[in-house]
Amino acid sequence: MGDLRGFLKFKRQEAPHRKVAERIKDFHEVALLPSIPQSYEQASRCMDCGTPFCHWACPLGNFIPEWNDLVFNRLWKKAFELLDATNPLPEVTGRACPAICEYACVLGINDEPVTIRENELAIIERAFASNWIKPHPPKLRTGKKVAVVGSGPAGLACAARLNQMGHDVTVFERDDQIGGIMRYGIPDFKLEKRILDRRINLWEKEGIKFKTSTNAGVDYPVSKLLSEFDALCLATGCRVPRDLKIPGRQLKGIHFAMDYLIRANRGERKEAQGKKVIVIGGGDTGADCIGVAHRQGAASIIQLEILPQPPTTRTTDQPWPTYPKILKTSSSHEEGGKRLWSVTTKKFLGTEKVEKLVCAKVDAQLREIPGTEFELEADLVILALGFLHPEPKGLLEELGLELDAKGNVKTSKDYQTSYKKVFSAGDMRRGPSLLVWAIYEGQQAAKAIDQYLTSSIPASCASNKKT
Amino acid sequence: MGSAQAKGVAMKKDKRYGLYHPQFERGSCGVGFVANVKGKKSHEIVEKGLEALKRLAHRGAVGADPQTGDGAGILIQIPHEYFEKVCFSEKIKLPQAGSYGTGLIFLPPNPSERQLCKDIFSKCLAEEGLNLLGWRKVPIDDSHIGKTAKETQPAIEQIFIEKRKEINSQIEFERSLYAVRRRIEKEIRSLNLEQKSFFYITNLSSCTISYKGLLTSFQLEKFFLDLNDPSLKSAICLIHARYSTNTFPTWDLAQPFRFLAHNGEINTLRGNINWMKARGIEVIVPGGSDSATLDNVFEFLVLSGRSLAHAMMMLIPEAWENNRLIDKNLRNFYLYHACFMEPWDGPAAIAFTDGKDIGAVLDRNGLRPARYLITKDDLVIMASEVGVLDIPPENIKLSGRLEPGKMLYLDTEKGKIIENDEIKEEVSSRQPWGEWLKENMLELSQLPHTPPHFKEFKEDKLKVLKAFGYTREDLKFILKPMAEKGKEPIGSMGNDTPHAVLSQRPQLLYNYFKQLFAQVTNPAIDHIREELVMSLESYVGPQGDLLEETPEHCRKLRVKEPILTNEELERIRSLRKHNFKSKTISVLFELKNQKFEKEDLIDTLERICKEAEEAIQEGYSFIILSDQEVDETHLALPMLLVTGAVHHHLIRKALRTKAGIIIESAEPRETHHFALLIGYGADLINPYLAYEAIAYLSEEGDLTLDAKTAINHYRKAIHEGILKILSKMGISTLSSYRGAQIFEALGLAEEVIAKCFEGTPSRIQGAGFKEIAKETLLRHQQAFRENRILDSGGIYQWKKDSEFHLWNPASIAALQDAVRKNDYARYKEFAQLINDQSKNPTTLRSLFKFKKTNPIPKEEVEPVENILKRFATGAMSFGSISAQAHETIARAMNLIGGRSNTGEGGEDPSRFKDDRRSAVKQVASGRFGVTTNYLVNADEIQIKIAQGAKPGEGGQLPGHKVSLIIAKTRYTTPGVTLISPPPHHDIYSIEDLAQLIFDLKNVNPKARISVKLVSEIGVGTIAMGVAKGHADMILISGGDGGTGASPLSSIRHAGLPWELGLAETHQTLVLNNLRNRVRLQADGQMRTGRDIAIAALLGAEEWGFCTSALIVLGCVMLRHCHLNNCSVGVATQDEVLARRFAGRPEYLVNYFHFVAEELREIMAQLGIRSVDEMIGRVDLLETNEEILPWKAKNLDYSKIFWKPEGPQFCTTTQDHGIAEVLDHKLIELAQPALEKGELVREELVIKNVNRTTGAMLSGEVVKKYGEEGLPEDTIYFKFKGVAGQSFGAWLAKGITFELEGMANDYVGKGISGGKIIIYPDKQADYPSEKNITIGNTTFYGAISGEAYIRGVAGERFCIRNSGLYAVVEGVGDHGCEYMTGGRVIILGEVGRNFAAGMSGGIAYIYDKTGNFEKKCNLTMVELEKPKKEDENLIWKLLHNHYRYTSSSTAKNILDNFTKEIKHFIKVMPIEYRRVLQEKLILEEKEEFMEVSDG
């Protein structure tokens, strides 16, 4: 441990955001990289606990205290090596992870937690800047072929690990570019797409084949997949959004958040210009939509949430080290707009296009409180109500995979679906969740697939075959 | 003899039951002799011997049956006149004195078996050509001996054997008697007799005879009627009273043996026996005690022609290695003999005789007391105590003591006492040892430099590291701290990971072994402060024949330290001088098809053993076992396995001493690894991969040092660590530690033990060769499969991908959540996480299962409130945890009626009377804050012998952590470092512990006295001794516990689980019918109701909680206790951090209610209504076969589940024997003072049997008047005579003791304000400043007061003095050790190692000879000239000294003060001076050092 007293010497200090006035004029990243001296200070706050709850909370099991210590000791490269061992996409999680780890940080018990996410980002960006990250194609190839369907965090994590293990990996993506929700769901101001390109480029050099604009199961028949590949990993996410089935839903100007974000990420930069925007749904996706709307020049933005306003600090039923439901204010919220809590939307009004929302206040049991009805004007309504399950049509149907009660792909604990050589990971399997969980699942599925593939070949043969 | 008796005896023949094993019996005792210097024989000498024996009776012990002693006996010259008389009436024709041999023979009571034995005597004697003169029935009166003794009582007959004519010398006759005795013993041992165990030859000699048996000191002379006959005469009477921890004391183990009587313990016994075997010398009778074994070898050496003194100096050499003052010849003598005899190491006071000469010797560290008086009429009395005979003071010529490593020697034929120096000079000038050494001995450091051949790895370094199981933690937590600071790494909060055999992950074989440690029966050594007795030297190479004495015997390679650099190894490898040559044997196995099976492992071991054997036969002098060049297809066998196998193979072939074994291995990295390798026979070790790893750290920038410096630091740390492990076991030298196998295996199968670790206990069996092979292969394969980063390790820091911990984020969070919400359901979730370890078996108990019985409704089970009274929290000192945490725990325990514990370090007196008081007041080795007031305010006084995290080790609280408040509660100075010694310096043996229990009971008769022990093999027999020593409660701690800071290797590798220790203790106590008089408590990682239910079933009626209590109060296992950096304010003294403490008493109250409730549920399920009914019901437990992990399939818990019949829990109280102490009279006499504060002046007579005089009186004073006590001299007692041990212990303020005469050990222990004046009897005319007045370890832990001692004190005067002002006229070794305050004036000779660990206080030495500086340990002190204020103080104290004691020395100095003051040297602790100068009170400091304070 570097500085024993670091946490008493330094307060938590987050990396600065660009000024609101400046940042809402563009789509570049809001957050600046932490400065190097600041990284040392912030890393020194880590106590390198004997029982690191951060490491426990992190789905990836990132060796947080270890790399904090290494950063403090200026051993950036070693820190990077450790980070790289558990996380194939630290530059993404370093920017877009909600950082469950920080809520479990021991310092958080009676002080401010360590800026773990930013430390992670500092390490990986330092590694890129120092040119430590070079393509390392595996020395040995097993000769086994795996198709990964879907290039979101789960698919990519899976592909990256399988490739390192020496298997030949092909990633199928129906969109024209790789990245899935990271490319199309997360706005640029949180994650610029060059960051993804940088990584994908590396992986290509390491030997992963990417087939974009190829909708596996549609453009590429299932039978072909099954015959060409020794195993499949399905990771196409959980894209069917929750709808709001109320009167007026058919009016124009009402969009699902993901469609809205995808358009923005594809370059549509004016959709909300001059419009009164209402975002229904108080989650992170909703917040992302707000940020986009700001940048598109929305006239006004209101975010509606049916749940009451969460507390600002932990309550006894959400004790440390759990990930609490407390009021989170994102950079998008900092940029303006209004948040309304305990509000239900009863109907949309308008002739062709949506013009108004009829809303009402609800009580703690989410029952409408009589006499609280009110109206809100709107030109653009975004439904950010979460996701239900993967799209059942196409691949799932073709393969005839068993689904669970919620409509997600059912697997064994080894990520194996009802079809023996087909595996699944990420939101598609576990339902809508966080980015890190998707990465975790991708990696775990890779291990399971490796196990599946290598148990059929003697270890000695596998390791003797050199490329 | 009835059949029941016969059965009992038959049972005792195979003395193994459950976990009890007789190998671990310990003995300790009173020893001594009475002799006439001129060799004048008389019956009076025998009478005096018997009288002395009785006066030592309190040092012996009795078991459950008060009439059965542990053994007593005497050894005298053959009383020819008497035997002539009795033989005449027996019609045995006795030749002249010296022409016949005789001895008492213990025979089977069964007449036919007895006859069979006697026939063998006849046969063997005839074959040896010796004439059997006859048998005589020894007249005995067994009417008064105890039941147990009677059951095993042999028929005792005396044999007379005639000398053959052609035998000319006495020694030849002795040899032939020896030969015939050995022969008879062997023959009878091979017979199939039902009563074979009765047979024993006490002695067979033409010079000496012994009378002994399973008797008390008082019974001996009544039993053997011979002893009362006035014509039974001898000039020598060697005596012994035994105190054994034995479960079954036996007749044959009573002492004296043929040549000696021993008080102490041979710690290195296992190794000594093995080395004798390795030499092919079979003289050791199996089944003997350590003392009996020593006697066997001593006898062998003496009969082979060495003199008594010579033989003794070989076996028990003094600490010559680091002694700069020793004579050169003597040093050479020791060095020469070290080449072929390893020391028999351990505390020892030994008296020995061959019937002509008689002597006594003390171990190198002076760990047993031995006082002697020489009278003007030629009587010498040597004994563990002075005062065993009433000698008129005017008749005393000399009052002395045996000094460490010194010898007292009498030649009764020449009629003179030969001084230590003289007798040693005589022996050491026998041969030109120095020349022999010069010609033959090689020094490693002087061999020609040889460049190390480059250790090139065929594979990438990371893979090799992984192949040997290196983890990131090994680098970060083990190697880095050692390489950086040269010190062993420190950690906190115990161990909660699976035992190696249970772990799902491949483990290094080292992890299956636990270090044993000294507790109670012998002391751990402070290898830092008492460095002068320690040595790491090795003498490697072929050994000479023990029977010869040639120059070539010292043709050896002398190596100062056992961990070799690469370069040093090459020097040895290329050595060719003196026919030295090395053979390197590879321990690799070539993998084919990735297979490595059990057979492959065994075959390879055999291949290696055979190669080693052949190499020796080919004349190789060094065997280098090497695991170099591991690669994907070459796997290394576990080096420890190989070392043990080769060592034992060579012992069996009697070849082991023909070559040195050198280990060249990638495996060892921690001290534990090195200690194991050497403990199982390795001579030297080259850990090349550890060096590589350090170099790697250096290259990578993890270390700021260059590789060479870092490696040197590392070697220093390892050497320190090895010394520490030696010293924990009470062993001083590496050469006697080597092969001593001071380990217990946990989870290894018998086949492995038998082949590689023969003699090592392994009580639950476990992994065999198959599992070891699999584990080795797994590790190897993993290393070559992936290659990205090293594994996490996860031992010292919890990691998701690594070893399981019971305290993990989920369990910690669940527990904290449950207690804060007072939510039992949530607690049950927590309990489930702990109790159900089916996926990750961690503890032994995780594999237990409750049997199905008839459940009862929970309402019928006794209520929670009853159960709560059985709860205790562990000894966590204020100092190790914050005041907030400490007080919160105390409040909670007071709320529920349980007991909290002060821990070592005292308690703020303001807490004594309110809800913050701790019911249990601990007394630890540092004695910090152990005042009379502290003791009288206890409900329970706990003697901490060991603690789970670091048994056998001391601690240190660095000055910067000693805040005002800590200094106040510890009665020391803020800012001055506090050291807790490894041993209690008043407990070097079991009878010493009994004495301390007696002391404490006297101070506070109402408090129960408990003794805290740590689980290890033999703890049951130690507990037996403790129960015999009248403890009220015995606490068995598991080795995994520990909330304080400790060396990481100790946390993991020392101490065993409480399941084993508790079961062993309970079984042993029940077996011996002692269980009903002592309560048992268990602690060490207790967490849930299931844990305590199991503890109850295994025998505990109380349970202690430590870590769980801290977690309840907010601890989240940062494991930073040692850094003072606890962010939750629990284990810190930092005020800023302590304010963050958020624990509340209610949380603990909730927790304990939950635990009790869970226990009740289990009780209901088991159909048990009360806890008492539950205790010892192991029959309700069984092994949960379904969840045994893969390595543990052969685990065998049957020994744990063995249930002896008899009372299973405590129902009565101990008789502490305090009803008759002198203090009752003192209290009566002091009534006017106690009631009205009036002056009391009385005179009394005192004897050595009056022990602990003054403690009870002091307790009364303090109870009435508090710590302030009474005005000076209010109660004034003048005593005349020889005071027993602990005279004036905890003497309170207002009491003055004046003693005209002498005193024994422990004078003024814990003195809290009283005054003690001692001077020799006014009738005595010997010079006081040259004679001993008081014994060893005096004023230990003194708090305050005054002492004036005219005469010399023994070893360790004023040890750990906090504030006493004392004057004395000379001291032995280690004076003022660990002193933290007070003033001491010494007016005469000072022993070695003065002021070691002295961090405070001031000593003034009157150094007329000018040699003081050489004797002072200058590590922590500097020598100065006294200043004016010092002179004033000296004058004042000397003035008092003269006034009180009429000291002529004091008078002389006072009369010439201005001149004499110049001879005074001021001994000033460096830190103390700084603190005084700076008036440094409590400075907030940014600097944080690692500390280890329990």
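Quantities reported herein were computed from a predicted structural model and do not represent experimental measurements.

Enquirer: Go over the overall build of chain B with me, naming the residues and quoting the values.
Expert: In terms of helices and strands, chain B carries 47 helices and 52 strands. Overall, chain B is about 85 × 85 × 75 Å in size when its C-alpha atoms are taken along their principal axes. Across the 1494 residues in chain B, those meeting the buried criterion constitute 72%. Expressed as a percentage of contacts within chain B between residues at least 6 apart in sequence, the contacts between residues at least 24 apart total 74%. For chain B, the exposed surface amounts to about 45,700 Å²; the carbon and sulfur share of it is 49%.

Enquirer: How would you sum up the overall build of chain A? Please name residues and give values.
Expert: Looking only at helices and strands, one finds 20 helices and 15 strands in chain A. Expected size for 467 residues packed as a compact globule is a radius of gyration near 23 Å; at 23 Å, chain A falls within 12% of this value. In terms of its C-alpha atoms, chain A occupies a principal-axis envelope of roughly 75 × 60 × 40 Å. In chain A, which comprises 467 residues, the proportion classed as buried is 56%. Nonlocal contacts in chain A, meaning residues at least 24 apart in sequence, comprise 69% of its contacts between residues at least 6 apart. Accessible surface for chain A amounts to roughly 19,300 Å². Of this, 51% is attributable to carbon and sulfur atoms. Taken together, the 66 basic and 57 acidic charged side chains of chain A have centroids lying 2 Å from each other.

Enquirer: How would you summarise the state of the cysteines if you had to cite specific residues and measurements?
Expert: All names here are of chain B. According to the stated counting rule, one finds 0 disulfides over all chains in the structure shown. Free of any disulfide, Cys117 has its nearest cysteine sulfur in Cys124, 11 Å distant. Here Cys1106 stays free of any disulfide, with the sulfur of Cys1115 as its closest cysteine sulfur at 12 Å. In this structure Cys1106 comes out as buried when scored by relative accessible area, which is 18%.

Enquirer: I'd like a rundown of helix H3 (residues 36-44) of chain A, residues and numbers included.
Expert: Listed in full, the buried residues belonging to H3 of chain A are Gln38, Ser39, Tyr40, Gln42, Ala43 and Ser44 of chain A. Where H3 of chain A is buried, its residues contact helix H1 (6-9), helix H5 (64-72), helix H6 (76-86) and helix H9 (116-129) of chain A.

Enquirer: Talk me through a negative patch on the surface; I want residue IDs and the actual numbers.
Expert: All names here are of chain B. On the surface, Asp327, Glu419, Asp421, Glu425 and Glu426 cluster together to form a negatively charged patch. When you line up the elements, Glu419 lands in the loop between strand S16 (416-418) and helix H12 (420-428). You can call Glu419 exposed: its relative accessible area is 54%.

Enquirer: So, the confidence of the model for chain B: which residues are in play, and what are the values?
Expert: Residue and element names in this part refer to chain B. Here chain B averages 92 in pLDDT, while 96% of its residues score no lower than 70. Segment residues 1-14 is flagged for pLDDT under 50; beyond a separation of four residues in sequence, or across chains, it makes 20 contacts in the model. Note on residues 1480-1494: pLDDT is under 50 here. Beyond four places in sequence and across chains, it has 50 contacts. Scoring the predicted complex yields pTM 0.94 and, for the interface, ipTM 0.94.

Enquirer: Which residues make up the sheet that holds strand S2 (residues 168-172) of chain A, and what are the values?
Expert: Residues and elements named next belong to chain A. The strand order S3-S2-S1-S4-S15 describes an open sheet built from 5 strands, whose pairing is parallel. Of all strands in the sheet, those with a lone pairing partner are strand S3 (209-211) and strand S15 (422-424), marking the two edges. Mean inter-strand twist for the sheet, computed between neighbouring axes without regard to direction, equals 20 degrees. When strand S1 (residues 145-149) meets strand S4 (residues 231-234), the two strands line up parallel, connected through 4 bridges. Bridged to Val148 within S4 is Cys233.

Enquirer: How would you summarise the domain arrangement of chain A if you had to cite specific residues and measurements?
Expert: Residues and elements named next belong to chain A. The domain boundaries assigned to chain A delineate domain 1 (6-129), domain 2 (145-239 + 389-464) and domain 3 (243-385). The centre of domain 2, based on its C-alpha atoms, is set 32 Å off from the matching centre of domain 3. Taken together, domain 2 and domain 3 are joined by 4 salt bridges. Here Arg269 and Asp188 are joined by a salt bridge, their closest N and O atoms 3.8 Å apart. Where domain 2 meets domain 3, there are 4 residue pairs in polar contact (both at pLDDT 80 or more). Residue classes in the side of domain 2 that touches domain 3 are distributed as 5 nonpolar, 1 polar and 7 charged.

Enquirer: So what's going on with the pattern of salt bridges? Which residues, and what values?
Expert: Residue and element names in this part refer to chain B. As enumerated under the stated definition, the model contains 151 salt bridges over all chains in all. Between Arg430 and Glu549 there is a salt bridge, with its nearest N and O atoms 3.1 Å apart. One end of the pair, Arg430, is in the loop between H12 and helix H13 (433-440); the other, Glu549, is in the loop between strand S20 (538-540) and strand S21 (557-559), and 119 residues separate them in sequence. Classification of Arg430 as partly exposed rests on a relative accessible area of 43%. A network of salt bridges, in which partner residues are shared, links Glu1422, Glu1424, Lys1427, Asp1430, Lys1466 and Arg1473.

Enquirer: Tell me about the interface of chain A and chain B, residues and numbers included.
Expert: Contacts between chain A and chain B engage 43 residues on the former and 38 residues on the latter. With both chains or domains summed, chain A and chain B bury close to 3,300 Å², and 56% of this area falls on carbon and sulfur atoms. Considering only the surface of chain A that becomes buried against chain B, Arg5, Thr51 and Trp56 of chain A emerge as the three largest contributors, covering 19% of it. The tally of links from chain A across to chain B stands at 8 salt bridges.

Enquirer: Let's hear about the sheet that holds strand S52 (residues 1464-1469) of chain B: which residues, and what values?
Expert: Within a sheet, adjacent strands bond to each other through the backbone by hydrogen bonds, running parallel or antiparallel. Residues and elements named next belong to chain B. Strand order in the open sheet formed by 10 strands is S41-S42-S43-S44-S46-S48-S49-S50-S52-S51, with mixed pairing between adjacent strands. Each having just a single partner strand, strand S41 (1240-1246) and strand S51 (1421-1424) make up the two edges of the open sheet. Direction aside, the axes of adjacent strands within the sheet are offset by 15 degrees on average. Alignment of strand S44 (residues 1312-1319) against strand S46 (residues 1344-1349), held across 5 bridges, turns out to be parallel. Among the inter-strand pairings, Ile1317 is bridged to a residue of S46, identified as Tyr1348. Its contacts with the sheet place helix H47 (residues 1470-1478) against strand S49 (1380-1386), strand S50 (1400-1406), S51 and S52, and it is angled at close to 80 degrees to S52.

Enquirer: Residue-level account of unusual backbone geometry, with values.
Expert: That bond from Trp320 of chain A to Pro321 of chain A is cis: its omega, 10 degrees, falls within 30 degrees of zero. Within the element layout of this structure, Pro321 of chain A appears in the loop between strand S8 (300-304) and helix H16 (331-334). Residue Gln255 of chain B is joined to Pro256 of chain B through a cis peptide bond whose omega torsion reads 5 degrees. Inspection of the secondary structure assignment puts Pro256 of chain B in the loop between strand S8 (236-244) and strand S9 (260-264).

Enquirer: I'd love a proper account of the pairing of strand S13 (residues 380-383) of chain A, names of residues and values included.
Expert: Residues and elements named next belong to chain A. Neither face of S13 is left uncovered, since the one carrying Leu380 and Ile382 and the one carrying Val381 and Leu383 both have all their residues buried. In this sheet, S13 lies alongside strand S6 (residues 254-256) in parallel orientation, the contact comprising 3 bridges. By the bridge assignment for S13, Phe256 is matched with Leu383. With 4 bridges connecting them, strand S7 (residues 276-280) and S13 associate as parallel partners. Of the residues in S13, the one forming a bridge with Ile278 is Val381.

Enquirer: Tell me what's going on with a positive patch on the surface, and back it up with residues and numbers.
Expert: A contiguous patch of positive charge on the surface is contributed by Lys145, Lys209, Lys211 and Lys224 of chain A. Residue Lys209 of chain A is classed as partly exposed on the basis of its relative accessible area, which comes to 44%.

Enquirer: Mind laying out helix H12 (residues 193-206) of chain A, listing which residues take part and the relevant values?
Expert: Because an α-helix packs 3.6 residues into every turn, residues spaced three or four apart end up facing the same way. All names here are of chain A. The end-to-end C-alpha separation of H12 is 20 Å, in line with the 20 Å expected for 14 residues at 1.5 Å each. Taken as a whole, H12 has its buried residues at Lys193, Ile195, Leu196, Arg199, Ile200, Leu202, Trp203 and Glu206. On its buried face, H12 sits against helix H7 (90-96), H9, helix H10 (153-164), helix H11 (181-184), S3 and helix H14 (257-265).

Definitions and cut-offs
- Residues numbered from 1 in each chain as written.
- Chains lettered and ligands numbered in written order.
- Predicted model: local features only at pLDDT ≥ 70, side-chain atom pairs only at ≥ 80, totals over all residues.
- Heavy atoms only, no water.
- Helix = DSSP H or I, 4+ residues; strand = E, 2+ residues; numbered from the N terminus.
- Buried < 20%, exposed > 50% of the residue type's maximum accessible area, 1.4 Å probe, protein only.
- Contact = heavy atoms within 4.5 Å.
- Areas by Shrake-Rupley, 256 points an atom, 1.4 Å probe, with all protein chains shown as cover.
- Rg over C-alpha atoms; globule rule 2.2 N^0.38 Å.
- Lys, Arg positive; Asp, Glu negative; His and termini not counted.
- Charge placed at Lys NZ, Arg CZ, Asp CG, Glu CD.
- Disulfide = S-S within 2.5 Å.
- Patch = residues over 30% accessible without salt bridge, like charges linked within 9 Å, V, L, I, M, F, W, Y side chains within 5 Å.
- Salt bridge = Lys/Arg side-chain N within 4 Å of Asp/Glu carboxyl O.
- pLDDT = per-residue confidence, 0-100.
- Pairing = 2+ DSSP bridges.
- Axes fitted to C-alpha atoms, helices over the stretch in contact; angles between N-to-C directions.
- Domains from an automatic or database assignment.
- Polar contact = N/O pair within 3.5 Å; in protein donor to acceptor, adjacent residues only side chain to side chain.
- Nonpolar A, V, L, I, M, F, W, Y, C, P; charged D, E, K, R; others polar.
- Buried area = accessible area lost by both parts, 1.4 Å probe.
- Expected span 1.5 Å × (residues − 1).

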